[in-house]
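Structural characterization, general
Each chain is listed here by its residues.
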Amino acid sequence: MTNDKTEKEETKVKVKKEKVEKKDTEELTGAQKRTKRQQERAQKRRERKEKIKQKKFYHPLRILRGIGLFFWIIIKIIIFPYVYAYWKIRDTFKFLSRNDKEDLDRTLLEKEDGDTIPEGYINEVGFLRSLPMFYFIAGTLGAVIAIFISFDFMDPVWLAIKNFFVNFEWSIAWALFVDILEVIFVDIIWAAITWIWDGIVVAVLYLFAGERFWIPLVILIVLGVGIVILAVIVSEVDFSGKFMKKVKAFFTAILTFPKTVWGWMKSAYHGFQKGISRFTFGNDKLIHYQKRFFYRVVLYSTIVTFWIIATVITLVIANAVDGNKIVNEALVYPIVLLIIGFANGVLLLAFLSWLIGLISGEKYIVNPEEYTKYKEEKIKEKEEKKSARAEKQKERISKKSG
């Protein structure tokens, strides 16, 4: 009886809580509802990861997840450009979905400046810097897909894919899965290990063959001296001293070299992005303009993108219905997608940014006084650089004449 009463009370509390949440949700604007959904999804993802981390490493679910992640990472590496395109399309919708007044009247969020990025949201400055590159990559990849679909040389591939799904059986799928595992672990990893081991065996047999005396003798003497030197170092050196620090730094540099190279590549890529974004948006706008300005630029660019796609599809269908033959029909989609990627993604963004900035004047500047001061400092900096260059040129001329 007591249990039934407790369950009824818990049900009442739960129903009351749901009603309150529903009422609160109804009072939110459309943008706030989307924001709430993004935060809830991000929170659920984080909770799922935390639950998995709490399980022991030998737990079946964790092992299965590890295997799934392994193959998912391989798939993402293979189709990474398309994964990147998906990320940017998702970020575009997130950027455009936060369109309440308080969101549009503020400056852009930037991780480098220490701004707090809401859970489930994006680094806005980073997104805008990557947007021209995204358009270019998406257009190029779309053109590649269009070429694959349009041209005859891909017909055998599409036929094989069609046959796989038409005649699909779990036994075939499992056999394909086993074949993939065999290629990865047997044909690649095991073959590499076998090749290295065979190389070592061949080298040892060659060096220590019976007819060779001096080569194995020198190797064994060097090996013995090396072992003695190592023993002296281990027994005599102060492991807390400078020597061990240098050894540690040496091995750290070797082990972290791939990471260092990746960091260089990432820095170069970000530098390239910043260069394009300066041309497209202007660095001063990214710092001092409201999000509303960039919201409109991105929105107009997105509308133009959909307009181009819709126009091309409509004209192609209209020509097909009328029986008109399009010259080089297979090239229509690749060319249009390349236009969207470069002309729309770089040139149009730059034009819209310039045009809206020209027409609006100081309408979208968050703090006009700070912006004026920033402009004055930039002019002053340019003049100082110009005078410094002039001084250096004078010194060079005087040295040559002297």
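Here, every reference points to the structure presented above.
In this text, all values refer to a predicted model and were calculated from it rather than measured experimentally.

1. Observations concerning the overall build of the protein
- A count of helices and strands for the protein gives 15 helices and zero strands.
- Looking at the 402 residues of the protein, the share that counts as buried comes to 22%.
- About 29,900 Å² of surface is accessible on the protein, with carbon and sulfur atoms providing 67% of the total.

2. With respect to the packing of aromatic side chains
- One pass over the full model with this rule turns up eight aromatic pairs.
- Measuring from centroid to centroid gives 6.0 Å for tyrosine 289 and tyrosine 371, while their planes differ by 70°, and the two rings are edge-to-face. On the criterion of sequence distance, the pair formed by tyrosine 289 in the loop between α12 (283-288) and α13 (291-322) and tyrosine 371 in helix α15 (residues 368-401) is long-range, its members being 82 residues apart. The same class applies to tyrosine 289 as to tyrosine 371, namely buried.
- Over the ring of tyrosine 121 we find arginine 98, and its NZ or CZ is 4.1 Å from the ring centre.
- Taking NZ or CZ as reference, lysine 291 lies 4.7 Å from the ring centre of phenylalanine 95, over its face.

3. Here we look at the pattern of salt bridges
- Here the structure, examined in full by the defined rule, presents nine salt bridges.
- Residue glutamate 124 pairs with lysine 291 through a salt bridge whose shortest N-O separation is 3.6 Å. One end of the pair, glutamate 124, is in helix α6 (residues 124-150); the other, lysine 291, is in helix α13, and 167 residues separate them in sequence. The residues glutamate 124 and lysine 291 share a single accessibility class, namely buried.
- Through salt bridges with shared partners, a single network forms among Asp103, Arg106, Glu124 and Lys291.

4. As for the layout of surface pockets
- Reported here for the largest pocket is a volume of approximately 1,000 Å³.
- The wall of the largest pocket is formed by 28 residues, among which Tyr84, Trp87, Lys88, Tyr269 and His270 lie closest to the centre.
- Taken together, the elements giving at least two residues each to the lining of the largest pocket come down to α4 (80-97), α6 and α11 (257-280).
- Per-element tally for the lining of the largest pocket: the top contributor is α4, with eight residues.

5. A closer look at a positive patch on the surface
- Residues Arg37, Arg41, Lys44, Arg45, Arg48, Lys49, Lys53, Arg62 and Arg65 make up a contiguous surface patch of positive charge.
- Taken together, the elements giving at least two residues each to the positive patch come down to α2 (30-54) and α3 (60-78).
- The element that contributes the greatest number of residues to the positive patch is α2, accounting for seven residues.
- Considering the arrangement of structural elements, one finds lysine 53 in helix α2.

Calculation rules
- Residues numbered from 1 in each chain as written.
- Predicted model: local features only at pLDDT ≥ 70, side-chain atom pairs only at ≥ 80, totals over all residues.
- Heavy atoms only, no water.
- Helix = DSSP H or I, 4+ residues; strand = E, 2+ residues; numbered from the N terminus.
- Buried < 20%, exposed > 50% of the residue type's maximum accessible area, 1.4 Å probe, protein only.
- Areas by Shrake-Rupley, 256 points an atom, 1.4 Å probe, with all protein chains shown as cover.
- Phe/Tyr/Trp six-rings, centres within 6.5 Å; stacked < 30°, edge-to-face > 60°.
- Lys NZ or Arg CZ within 6 Å of the ring centre and 35° of its normal.
- Salt bridge = Lys/Arg side-chain N within 4 Å of Asp/Glu carboxyl O.
- 1 Å grid on protein atoms, 1.4 Å probe; cavity = no way out; pocket = protein on both sides within 12 Å on 5 of 7 lines; lining within 4 Å.
- Points joined across faces, edges and corners; volume = space filled by probe spheres on them.
- Patch = residues over 30% accessible without salt bridge, like charges linked within 9 Å, V, L, I, M, F, W, Y side chains within 5 Å.
- Lys, Arg positive; Asp, Glu negative; His and termini not counted.
- Charge placed at Lys NZ, Arg CZ, Asp CG, Glu CD.

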